[in-house]
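Residues per chain are reported as follows:
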Amino acid sequence: MPHPVGRGESGERTGVYEMSEPDPMPPLEDSLDVVCKDDPGFPVFDGLEFPGCVAVPMTSAQYEACEERLEFWDEAAGIAMIADSEPGVGHQQPIGLLGGIVERIAQERGSRIARFCELGLARYGAGGNRRAMQPDEVLYVYPERAHLPTAGSLTVGEDDPPDVVVEVDYTTDVRRGKLRVYESWAFPELWVEVPDHEPPRRRRSQLSGLTVYLLNRDGRYEISPESHAFPGWRAEEIHLAMNEPAITPAINATLRRVGAELGARDGTGPDDDLLLAAHRRESRAVGSAEGRIRERVELVRQTLAARGVALSSEFPAASCRAALARASAAAIAAASLACRTERDFERLL
């Protein structure tokens, strides 16, 4: 499926939906056998609902050429669901921040986490007709082990499902439609984020917060207090990180904790990340050089004090420290024994 094109792997606020468990999901088939109560002539997708969306007739050819973001498309019905309002800042901020958040965890763990934004998902029915959706983001925690989607699309049953699917409900509500489809496709983990930034209109049933849905052994979604793909990362912590404009010390500590837990499970750590490993080597080298200079300064102080050579409180000056860093131990000893003043020491050095 060539559309949509993916864009690469490239105070205290908490809360989750106040809601009951999802209603039992009706079977998802290619046929459309339920009609809309408000408009008897308009079919509903097997009882699925798409609040915040408008229905648009769309053939297969139109779908292939479409560049708009589609929440859902049914080839047999020839109908697409498109959000009835443009994404605002409140929608974009959580997804925009998620990249940096996940990268922090990946660095602490010491291995890459793959991200795909606006990836097209499609499943072929028995008759060859497709159903397609587009999440806000998907995450692969172990991309090196997965058969990843290519060309900006994932085919259910052929490509490996992502470890996490992320949906941001700014003016939409995925609970009555897309959530049920993800469940039928057996995607293991779904995050539904309702941003703190409220649009002019939001359904009263939605409170800001993030809900984690995990697929149970019966193939049904259950609400979980924390992620399974990112062990120990609680829903309220994910929501906070996705809604703060910057990574605070508290958020950073949480991300390091989650990354360390993943690393402990995998036997990896920050030194396995090429960038962090390079920074650590440089830091250790600088620390080692500074320690060597401090030792040399102390030795010179003791030698000159024993010889009765007075030293000022500014000793050693910056130029003298540089000379101490370059000089050999023999040269430093010779200058310490021959000098008469601290300026003489630097000259001899």
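Residues numbered from 1 in each chain as written. Predicted model: local features only at pLDDT ≥ 70, side-chain atom pairs only at ≥ 80, totals over all residues. Heavy atoms only, no water.

**Here's the deal with the pairing of strand E7 (residues 120–124)**
Alright, step 1. In this structure, E7 lies alongside strand E10 (residues 153–155), joined through three bridges in parallel fashion. Bridge assignment links Gly120 to a residue of E10, and that residue is Ser153.
Alright, step 2. In the sheet, E7 pairs with strand E8 (residues 130–133) via four bridges, with the strands oriented antiparallel. Within E8, the position partnered with Ala122 by the bridge is Ala132.
Alright, step 3. Where E7 folds back on E8, the antiparallel hairpin that results is connected by five residues, among which Gly128 adopts a positive phi of roughly 90°. (Pairing = 2+ DSSP bridges. Helix = DSSP H or I, 4+ residues; strand = E, 2+ residues; numbered from the N terminus.)

**Things to note about the side chain of Glu189**
Alright, step 1. On the secondary structure map, Glu189 appears in strand E12 (residues 189–194).
Alright, step 2. Buried charge without a salt bridge: Glu189, with Arg265 as the nearest opposite-charge side chain at an N-O distance of 9.1 Å.
Alright, step 3. Within the structure, Glu189 has its side chain in polar contact with the side chain of Trp191 (distance 2.8 Å).
Alright, step 4. Of note is the side chain of Glu189, whose polar atom sits 3.0 Å from the backbone nitrogen of Ala229.
Alright, step 5. If we skip the residues at most four places from it in the chain, Glu189 touches Asp163, Val164, Val165, Val212, Tyr213, Leu214, Ser227, His228 and Ala229. (Buried < 20%, exposed > 50% of the residue type's maximum accessible area, 1.4 Å probe, protein only. Lys, Arg positive; Asp, Glu negative; His and termini not counted. Salt bridge = Lys/Arg side-chain N within 4 Å of Asp/Glu carboxyl O. Polar contact = N/O pair within 3.5 Å; in protein donor to acceptor, adjacent residues only side chain to side chain. Contact = heavy atoms within 4.5 Å.)

**Things to note about unusual backbone geometry**
Alright, step 1. In this structure, Pro316 follows Phe315 across a cis peptide bond, with omega equal to -5°.
Alright, step 2. Structurally, Pro316 can be placed in the loop between helix H6 (274–307) and helix H7 (318–326).

**A look at the sheet that holds strand E14 (residues 221–224)**
Alright, step 1. Here we have six strands laid out as an open sheet, ordered E6-E9-E11-E12-E13-E14, and mixed in their pairing. This sheet does not close on itself; its edge strands, each paired only once, are strand E6 (114–117) and E14. Pairwise comparison of adjacent strand axes, ignoring direction, gives a mean angle of 25° for this sheet.
Alright, step 2. Direction of pairing for strand E13 (residues 209–215) relative to E14: antiparallel, over a ladder of four bridges. Residue pairing in the sheet places Val212 in a bridge with Ser224 of E14.
Alright, step 3. Helix H4 (residues 235–243) contacts strand E11 (164–168), E12 and E13 of the sheet and is inclined by roughly 130° relative to E13. (Axes fitted to C-alpha atoms, helices over the stretch in contact; angles between N-to-C directions.)

**Concerning the confidence of the model for the protein chain**
Alright, step 1. Averaged over all residues, the pLDDT of the protein chain is 81; the fraction at 70 or higher stands at 79%.
Alright, step 2. Contacts for the low-pLDDT stretch residues 1–43, under 50 throughout, to residues beyond four places or in other chains number 116 contacts. (pLDDT = per-residue confidence, 0-100.)

**Some thoughts on the pattern of salt bridges**
Alright, step 1. Applying the stated rule across the entire model yields 18 salt bridges.
Alright, step 2. Close ionic contact of Glu144 with Arg145 constitutes a salt bridge, the shortest N to O distance being 3.9 Å. The same class applies to Glu144 as to Arg145, namely exposed.
Alright, step 3. As a salt-bridge pair, Lys178 and Glu167 come within 2.7 Å of each other at their nearest N and O atoms. Placement of the pair is Lys178 in helix H3 (residues 178–184) and Glu167 in strand E11, with a sequence separation of eleven residues.
Alright, step 4. You can call Glu167 buried: its relative accessible area is 1%.
Alright, step 5. One connected set of salt bridges, linked through shared partners, spans Arg69, Glu71, Asp136, Glu167 and Lys178.

**Topic: empty space enclosed by the protein**
Alright, step 1. The calculated volume of the second largest cavity comes to roughly 40 Å³.
Alright, step 2. Considering the residues around the second largest cavity, the lining is formed by Glu49, Phe50, Pro51, Cys53, Glu71, Thr172, Asp173, Val174 and Lys178.
Alright, step 3. For the lining of the second largest cavity, the per-class residue count stands at four nonpolar, one polar and four charged. (1 Å grid on protein atoms, 1.4 Å probe; cavity = no way out; pocket = protein on both sides within 12 Å on 5 of 7 lines; lining within 4 Å. Points joined across faces, edges and corners; volume = space filled by probe spheres on them. Nonpolar A, V, L, I, M, F, W, Y, C, P; charged D, E, K, R; others polar.)

**Things to note about the packing of aromatic side chains**
Alright, step 1. Counted under the stated rule, the structure contains ten aromatic pairs.
Alright, step 2. Here the aromatic residues Tyr182, Trp185 and Phe187 are joined through ring pairs into a cluster of three or more.
Alright, step 3. The residue whose ring lies beneath Arg109 is Tyr142, and the NZ or CZ to ring-centre distance is 5.0 Å.
Alright, step 4. Here the guanidinium or amino end of Arg145 rests over the ring plane of Tyr142, the centre of that ring lying 4.0 Å away. (Phe/Tyr/Trp six-rings, centres within 6.5 Å; stacked < 30°, edge-to-face > 60°. Lys NZ or Arg CZ within 6 Å of the ring centre and 35° of its normal.)

**Details of the environment of Ala151**
Alright, step 1. Among the structural elements, Ala151 can be located in the loop between strand E9 (137–140) and E10.
Alright, step 2. In this structure the C-alpha to C-alpha distance between Ala151 and Gly120, which are 31 residues apart in sequence, comes to 9.4 Å.

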